[in-house]
Every structure is written in structure tokens, then in C-alpha cells.
Amino acid sequence: MKPDLFQAPDYYNLDDLLTDEHKLVRESARAWVKREVSPIIEEYAQKAEFPKQIIKGLGEIGGFGPYIPVEYGGAGLDQISYGLIMQEIERGDSGVRSTSSVQSSLVMYPIWKYGNEEQRMKYLPKLATGEFMGCFGLTEPDHGSDPGSMITNFKDMGDHYLLNGAKMWISNAPFADIAVVWAKDQEGRIHGLIVERGMEGFTTPETHNKWSLRASSTGELIFDNVKVPKENLLPNKSGLGAPLGCLDSARYGIAWGAIGAAMDCYDTALRYAKERIQFGKPIGGTQLQQKKLAEMITEITKAQLLTWRLGVLRNEGKATTAQISMAKRNNVDMAIHIAREARQMLGGMGITGEYSIMRHMMNLESVITYEGTHDIHLLITGMDVTGIPAFK
């Protein structure tokens, strides 16, 4: 196993904009990734398996709901700290960051924001440590970019709700202890329900044969007349805006995470370019390779500035959904382009598991689609600047 020699680029001295706490949080996450993720991740990606043994460590570095208040088991950190943790985890692997993002922004966030005190105390502390793992059920087989057309539904049976339907492409589903599921009531209003593993009629078949996010566990959620206790309904927000609010938090984390993947590809390509000798000199001394590297560090720096400013706006409660969409779209597109360029710089070695680049490239093909596709985010920006929706 090759040692993890990663060195993070900071071309514009952005560390000067971070607090000591930010840097401590980041260094803790970075050291953990180097120690616990890098040595094993290629093996787990090759065999398409999530390394469950890292769950406890993810909780310890703040990978689960770091912005959740301390009274509910969170670390009470700010949004920039959350972003930095996502950056470091995705530098290791997008699939591991997916597990962390889902737990943080799609499970803990809605319970914290939309749940009642009993629900917060029951679930959040155990989710924060990884004792409980969760998943988020919004996407359906026939309803991806148009979640408002979902058909998963529940009926009021007097002393419980009866839930029916199916969700697809659900990270963490095969091993999740709970699922935050979005379904329509009898009037067609969308609500969130906490469904627990073991409830009769609730199954989570795993999705196989993925070429992307291979070290992440993906599955379906099937609800066949599942009896859900009424106290498991999230009471404080309903309508499509409720799950979309969760996606804002997740997309924000992805905007940071994608920078981590891009940094790793750039750092790998830079080191290789200095060491690989062709025609009597390092390939890093050729104009074409320097062009690639110069463009990579430029785009990474722009993305760092974008997310840092977005983090400040999130801390101030001012960030808009459209601003988050812009960052998610830009940064993932940036990262996937850098991964492809870095792969070319490594030639044939770039497709092997000896280096992380091809794994990042395959992972980013999922990241550019989930939590809002590349094109949908473009339309969100377009609607924001023109005032005219163009979704249909």
C-alpha cells in the first residue's frame, strides 16, 4: 500500500480566512482520512463494499451532524467547519462522504429542524456517534428531478399511519437503522416520516453492479403496508419545501466535498509530473502538462473562494437555494474535469487502483447527478436570474 502523501493546495492563502477552530477541525479530519480511509479504500472500491468499520471514526471526527447543537449530541460547529470536514472526507472517497452527507444533512438535519423535542432526543445523539445510521427517501423509480410527483403515500388509520410506495438510489439504505421518508398524505401534502428497520413490510434491497460510488452502500426502500406510529411524523414542516431544505444542506456539503476530490487528483498529478521522466526530463517541464496543472489549481482556487463565501452566508442565515445550487454545480463540474485531465497526465497508470484518480472520476459521475443534476442546477440559476421557470 502506497503511503498517503497528500498535501492540500492553498494558492491564495485561504487559511488566513479560517479560524483556529476551523483549521483544527480540518486537520483532525485530514489525519483520520490518511490513517483510516486511504489505506483501505481502493480494496473496498474494487470489491464494491462499504467499510462499516469506519463508522465510529466518522462520528468521532464530526462527520455526522457537526452543526447539530451539543445538547443533541452534535459538535455545535459552524457551517465552514462542516464544509471542511466534507472536503477532507471526499478527498478520501466520494462514497464515504456520501454516507456522511446523508447522515448529517438528510437524516439529522430534518429531525433537528422539523422534528419535535422527543424525536430529537430519541434519535440525534445516537445518529451523531454512528450507533444509529440513517437514510433519506425522496427519489422514486419514476420521479427523480420531479420529486413533487412522488406516489409514495400514507393513510391515517386512526392509531397509526399505513405507508406504501418505493424509493430508489438511496445511500446507506441496506444497513440503515432508520429512514426519513417523504410521502404524501390523503390530501396530497408531502410529510416526513421516520421509518425504523424491523417495521413489518419495510425492506431495503441493495443495488448492485455500480461503476460509481462503489465503496458506498446503495439500495431501495420498499414500503408494503408499513404501520408507522403517529409519533414518527415530523410535525414542524410539510410540503415539498421540507425535503428541499434538507437538500440545500446536503448540496452545500457536496460543494465543499468536490473540492477535496479535485485536490487529491491535482496533488497526485502534480507529484507524478515531477517524478515521471520522458524524453530525458520530468513531464512537468513540458508546456502541455504545465497548462493542465495551472488550470487545475486556478479552478480549485476559484471553487475554494466560492465555498468559503457561501459558508459565511450560511453562517449568517443568508445563503439562498440558488446560491447553493451554483456552488454545487460549479464545483462538481470543476472536479470531474480535473479528474479527467489528471487521469490523462498519468497515462495508463491513471486507470489503475495504484492511484486514486480513476476512482474519483467514476465517483464524480454520480456526484454530478445526485442531489440535483448538473442541468437542473443550471435551470435553478436561470430561473433565479430571469424570474422565469424553465423546468417544463
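Residues numbered from 1 in each chain as written. Predicted model: local features only at pLDDT ≥ 70, side-chain atom pairs only at ≥ 80, totals over all residues. Heavy atoms only, no water.

The name an unreviewed UniProt entry gives the protein chain is glutaryl-CoA dehydrogenase (ETF), with Flavobacterium frigidimaris as the organism. Of the comments in the UniProt record for the protein chain, the one headed Catalytic activity (unreviewed entry) reads "glutaryl-CoA + oxidized [electron-transfer flavoprotein] + 2 H(+) = (2E)-butenoyl-CoA + reduced [electron-transfer flavoprotein] + CO2". UniProt lists a comment for the protein chain under the heading Cofactor (unreviewed entry), and it reads "FAD". (UniProt positions renumbered as here; feature names shortened; annotations may be inferred.)

Caption draft 1: Here's a closer look at the nonpolar core. Ile-111, Leu-124, Leu-127 and Trp-182 are the most contacted members of the largest nonpolar core, which has 62 residues in total. If near-sequence neighbours (up to four positions away) are discounted, Leu-127 is found in contact with Phe-64, Gln-103, Val-107, Met-108, Ile-111, Phe-132, Met-133, Gly-134 and Ile-178. (Core = buried A, V, L, I, M, F, W, Y, C linked by side-chain atoms within 4.5 Å. Buried < 20%, exposed > 50% of the residue type's maximum accessible area, 1.4 Å probe, protein only. Contact = heavy atoms within 4.5 Å.)

Caption draft 2: Inspection of the pattern of salt bridges at higher detail. Going through the model one piece at a time under the given rule, you end up with 22 salt bridges. Here Glu-90 ties to Arg-97 by a salt bridge, and the two come within 2.5 Å at their closest N and O atoms. For the residue pair Glu-90 and Arg-97, the accessibility class agrees, reading buried in each case. Where Asp-267 meets Arg-271, a salt bridge forms, and the shortest distance between an N and an O atom there is 2.9 Å. Here Asp-267 pairs with Arg-271, and both are found in helix H6 (residues 241-275), just four residues apart, close to one helical turn. When its relative accessible area of 22% is taken as the criterion, Arg-271 is described as partly exposed. Within the structure, one salt-bridge network assembled from shared partners comprises Asp-15, Arg-26, Glu-27, Arg-30 and Glu-88. (Salt bridge = Lys/Arg side-chain N within 4 Å of Asp/Glu carboxyl O. Helix = DSSP H or I, 4+ residues; strand = E, 2+ residues; numbered from the N terminus.)

Caption draft 3: Up close: the packing of H6 against helix H8 (residues 321-345). Relative to each other, H6 and H8 sit at 20 degrees, their axes nearing to 8 Å. Put simply, H6 runs roughly parallel to H8. Seen along the crossing, H6 lies across H8 with a hand that is left-handed. When the residues that make up the contact of H6 with H8 are grouped by side-chain class, the tally is 20 nonpolar, three polar and three charged. (Axes fitted to C-alpha atoms, helices over the stretch in contact; angles between N-to-C directions. Parallel < 35°, antiparallel > 145°, perpendicular 65-115°, else oblique. Left-handed = near helix turned anticlockwise from the far one by under 90°. Nonpolar A, V, L, I, M, F, W, Y, C, P; charged D, E, K, R; others polar.)

Caption draft 4: Quick look at the UniProt feature "domain: Acyl-CoA dehydrogenase/oxidase N-terminal" (unreviewed entry) in the protein chain. Residues annotated in UniProt with the feature "domain: Acyl-CoA dehydrogenase/oxidase N-terminal" (unreviewed entry) correspond here to residues 19-131. With 72% helix and 0% strand, the stretch residues 19-131 has end C-alpha atoms that lie 30 Å from each other.

Caption draft 5: Molecular detail of the state of the cysteines. Taken as a whole and judged by the stated rule, the model has zero disulfides. Left without a disulfide partner, Cys-135 is nearest to the cysteine sulfur of Cys-246, which lies 13 Å away. By relative accessible area, which is 1% here, Cys-135 ends up buried. (Disulfide = S-S within 2.5 Å.)

Caption draft 6: The packing of H6 against helix H7 (residues 287-315), seen in detail. Between H6 and H7, the least distance of the axes is 10 Å, while the angle of their chain directions is 155 degrees. The pairing of H6 with H7 is recorded here as roughly antiparallel in orientation. Relative to H7, H6 is oriented so that their crossing is left-handed. Side by side, H6 and H7 meet where Asp-248, Ser-249, Tyr-252, Ala-255, Trp-256, Ile-259, Ala-262, Met-263, Tyr-266, Ala-269, Leu-270 and Ala-273 of the first sit next to Leu-293, Met-296, Ile-297, Ile-300, Ala-303, Gln-304, Thr-307, Trp-308, Leu-310, Gly-311 and Arg-314 of the second. Taken together, the residues of the contact of H6 with H7 break down into 17 nonpolar, four polar and two charged.

Caption draft 7: View of helix H4 (residues 94-114). Largest kink in H4: about 35 degrees, centred on Met-108, with the proline Pro-110 one to four residues after it. For H4, the buried fraction is high: 20 of the 21 residues fall into the buried class. The residue sitting at the N-terminus of H4 and contributing the capping side-chain oxygen is Asp-93; that oxygen lies 2.8 Å from the backbone nitrogen of Gly-95. (Bend = angle between axes of the 7 residues up to and from the residue. Polar contact = N/O pair within 3.5 Å; in protein donor to acceptor, adjacent residues only side chain to side chain.)

Caption draft 8: Structural detail: the layout of surface pockets. Volume-wise, the largest pocket comes out at about 1,300 Å³. In terms of lining residues, the largest pocket is bounded by 38 residues, among which Thr-139, Gly-144, Ser-145, Glu-371 and Gly-372 are the most central. Broken down by secondary-structure element, the contributors of at least two residues to the lining of the largest pocket are H4, strand S3 (160-171), H6 and helix H10 (374-386). Counting residues per element, the lining of the largest pocket draws most heavily on H4, at five residues. A per-class count over the lining of the largest pocket returns 17 nonpolar, 14 polar and seven charged. Looking at the second largest pocket, its volume works out to about 510 Å³. Those elements that place two or more of their residues in the lining of the second largest pocket are helix H1 (20-46), helix H3 (79-92), H6 and helix H9 (357-367). (1 Å grid on protein atoms, 1.4 Å probe; cavity = no way out; pocket = protein on both sides within 12 Å on 5 of 7 lines; lining within 4 Å. Points joined across faces, edges and corners; volume = space filled by probe spheres on them.)

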